[in-house]
Amino acid sequence: MYTQEDHDYMNMALAEAKKSLFISNPNPRVGCVIVKNNQVIGFGHTQAAGSDHAEIVALKDAKAKGFDVSGSTVYVTLEPCCHHGRTPPCTDALINAKVATVIAAMTDPNPLVAAQGLEKLRIAGIEVRCGLLEKEASELNIGFIQRMTQGKPWVRLKIAASLDGKTALHNGVSQWITSSDARHDGHMWRARACCILTGIGTVKEDNPQLNVRDIETPRQPLRVLIDSFLEVPLDAKILDESIGGHTVVVCGQVDAEHFEKMSQALREKNVTLVALPDASNSKGKVDLPALFKYLAEKLHINEVHVEAGFKLNGSLIREGCVDELLIYMAPKLLGDAVGMANLPSLSTLDDVKTWDLIDHVSVGDNLRIRLKKK
């Protein structure tokens, strides 16, 4: 069904889509390549929300170069949209441009599209094919797909550890177990996420900025702090607007007087406060599954990047909230120290939860391992 040339052109489109990694959220990362007479005449990738989608950028690119796109073949990593959102439908632009063929890597999981874009193109007389390099295209938009199909974001938990799985000394010292190369790579994962999430324990212990610094990025992800009892110091770096981005503090069940006091103080710092208490927890903790549902439905978050401590890591894993583990392992042994996550002891190996390996690569002298929930 597909030639080697088709694969080559779709790989070009996927390379274009990767250029959207840091800019398109909450929209999907999409790339487009327009080919005519065995020549690429236009390239494009999705811009920031409210700006042009990949197909429009590619059409404009071809026109700017003086090419006539009529009769061309369009390779796009996601089905063209067919609804009016912040921008007009890409299907209309392709039909008006009189392209001959559209080859999409995958259908759009957005219920407003869901194969209707491809059908609209077929009705207009354009040849349509779908499914070329679908797995690669899906991986680029794993969070968008999960938000559209399951109503929750893709949660990636990052851990920096020693070979024996330790993340900090018992006195709290943890900087730096892994190398500068690993930290640089970690900032890339921060940059592609819609939000970076941590807990109050990490803020009290390390006072992190929790923003992207090691690489260039056109935007700072949202910062989300889980602070069940509103203990965050008002001079904490994570609340500082000057570092870019916005901060959301999420609390559980808090005394009304303290809640009002902190609500006013955080509002003055332009920080959003959200109460999501877990009704089933007598300690007044945050309802973690409800939090991720809130992030998807209210804030349109596709990917969450978690950098937290032993306790919150364990809570997130126990609650089934973690989809992917991003682990950096340094060639060190720390011995008696703090582990990766606070998980209950097991009496039998039959109760062990296993993870599927995504990949493993060397990052400097560290090993990066990515795993996803079975």
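Residues numbered from 1 in each chain as written. Predicted model: local features only at pLDDT ≥ 70, side-chain atom pairs only at ≥ 80, totals over all residues. Heavy atoms only, no water.

Basically, it comes down to this: UniProt positions are given in the numbering used here, feature names are shortened, and annotations may be inferred rather than shown by experiment.
An unreviewed UniProt entry lists the protein under the name Riboflavin biosynthesis protein RibD, with Polynucleobacter victoriensis given as the organism. Per UniProt, the protein has the following entry under Function (unreviewed entry): "Converts 2,5-diamino-6-(ribosylamino)-4(3h)-pyrimidinone 5'-phosphate into 5-amino-6-(ribosylamino)-2,4(1h,3h)-pyrimidinedione 5'-phosphate."

**Let's talk about helix H1 (residues 4-18)**
Put simply, the rule reads: Elements are defined by DSSP. Helices are runs of H or I of four residues or more, strands are runs of E of two residues or more, and each kind is numbered from the N terminus. In this scheme, a helix's expected span is set at 1.5 Å multiplied by one less than its residue total. The criterion used for residue contact is that any of the two residues' heavy atoms lie within 4.5 Å. Counting of polar contacts relies on pairs of N or O atoms within 3.5 Å, with two restrictions inside protein: one atom must be capable of donating a hydrogen and the other of accepting it, and residues adjacent in sequence are counted only when both atoms are side-chain atoms.
Compared with an ideal rise of 1.5 Å per residue, which puts 15 residues at 21 Å, H1 spans 21 Å between its outermost C-alpha atoms and is within 8% of the ideal. At its buried positions, H1 is contacted by strand S1 (31-36), strand S2 (39-45), strand S3 (73-76), strand S4 (101-104), strand S5 (127-130) and helix H5 (134-140). Backbone nitrogen of Glu5 and a side-chain oxygen of the N-cap are separated by 3.3 Å at the start of H1; the cap is Thr3.

**Focus: the UniProt feature "binding site: NADP(+)" (unreviewed entry) in the protein**
Under the present numbering, the feature "binding site: NADP(+)" (unreviewed entry) in UniProt falls on Ala160, Trp176, Thr202, Ser228, Gly309, Phe310, Lys311, Leu312, Asn313, Gly314 and Ser315. A maximum C-alpha distance of 27.7 Å is found for the annotated residues, which run over 156 residues; spatially they are spread out rather than grouped. Along the chain, Ala160 turns up in strand S6 (residues 154-162). Among all residues touching Ala160, those that are not within four sequence positions of it are Lys166, Thr167, Ile177, Thr178 and Tyr328.

**Considerations on the sheet that holds strand S11 (residues 272-275)**
How we decide: Should DSSP find at least two bridges between two strands, the strands are regarded as paired. Working convention: axes come from line fits to C-alpha atoms, limited for helices to the stretch in contact. Angles between N-to-C directions cover 0 to 180 degrees.
Strand order across the open sheet formed by 9 strands is S11-S10-S9-S8-S12-S6-S13-S16-S15, with mixed pairing between neighbours. Edge strands, defined here as strands with exactly one partner in the open sheet, are S11 and strand S15 (355-363). Taking each pair of neighbouring strands and ignoring which way they run, the sheet shows an average axis angle of 20°. Sheet contacts for helix H6 (residues 142-150): S6 and strand S12 (303-306); angle to S6, the most-contacted strand, approximately 135°.

**Looking at the domain arrangement of the protein**
Where we set the bar: Domain start and end points were adopted from an automatic or database domain assignment. Values labelled buried area give the accessible surface lost by two parts on being combined, using a 1.4 Å probe and summing over both. The term salt bridge refers to a side-chain nitrogen of Lys or Arg lying within 4 Å of a carboxyl oxygen of Asp or Glu.
Each assigned domain of the protein is listed with its residue range as follows: domain 1 (4-141) and domain 2 (151-373). In this structure, domain 1 and domain 2 have C-alpha centres spaced 35 Å apart. Listed as interface residues are 9 residues of domain 1 and, on the opposing side, 14 residues of domain 2. Carbon and sulfur atoms supply 50% of the area that domain 1 and domain 2 bury against each other, a total of about 850 Å² over both sides. It is Phe22, Asn25 and Pro26 that lose the most area in domain 1 upon contact with domain 2, and together they represent 60% of the buried surface on that side. Inspection of the domain 1/domain 2 interface yields 2 salt bridges.

**Examining the sheet that holds S3**
Here we have 5 strands laid out as an open sheet, ordered S2-S1-S3-S4-S5, and mixed in their pairing. Looking along the sheet, the strands with just one partner apiece sit at the ends: S2 and S5. Strand after strand, the sheet turns through a mean of 15° between neighbouring axes, direction not considered. With 4 bridges joining them, S1 and S3 adopt antiparallel strand pairing. Across the sheet, the residue bridging to Val35 is Thr73, located in S3. Sitting on the sheet, H1 touches S1, S2, S3, S4 and S5, and the angle it makes with S1 is about 145°.

**Some words on the nonpolar core**
Our working definition: We call a set of buried Ala, Val, Leu, Ile, Met, Phe, Trp, Tyr and Cys residues a nonpolar core when their side-chain atoms join them within 4.5 Å. When accessible area is computed with a 1.4 Å probe and restricted to protein chains, residues below 20% of their type maximum are described as buried, those above 50% as exposed, and intermediate ones as partly exposed.
Core analysis: the largest hydrophobic core is formed by 43 residues, its most contacted members being Met10, Cys32, Ile34, Val74, Leu94, Val99 and Val102. Going through the elements one at a time, H1, S1, helix H2 (54-64), S3, S4, helix H4 (116-123) and H5 are the ones with two or more residues in this core. Among the elements that take part in this core, H1 stands out by supplying 5 residues, more than any other. Shared between two domains, this core holds at least three residues of each, these being domain 1 (4-141) and domain 2 (151-373). Excluding anything up to four places from it in sequence, Val102 contacts Val74, Val76, Pro80, Leu94, Leu121, Ile126, Glu127, Val128 and Arg129. Listed in part, the 34 residues of the second largest apolar core include Ala161, Val250, Leu295 and Leu316.

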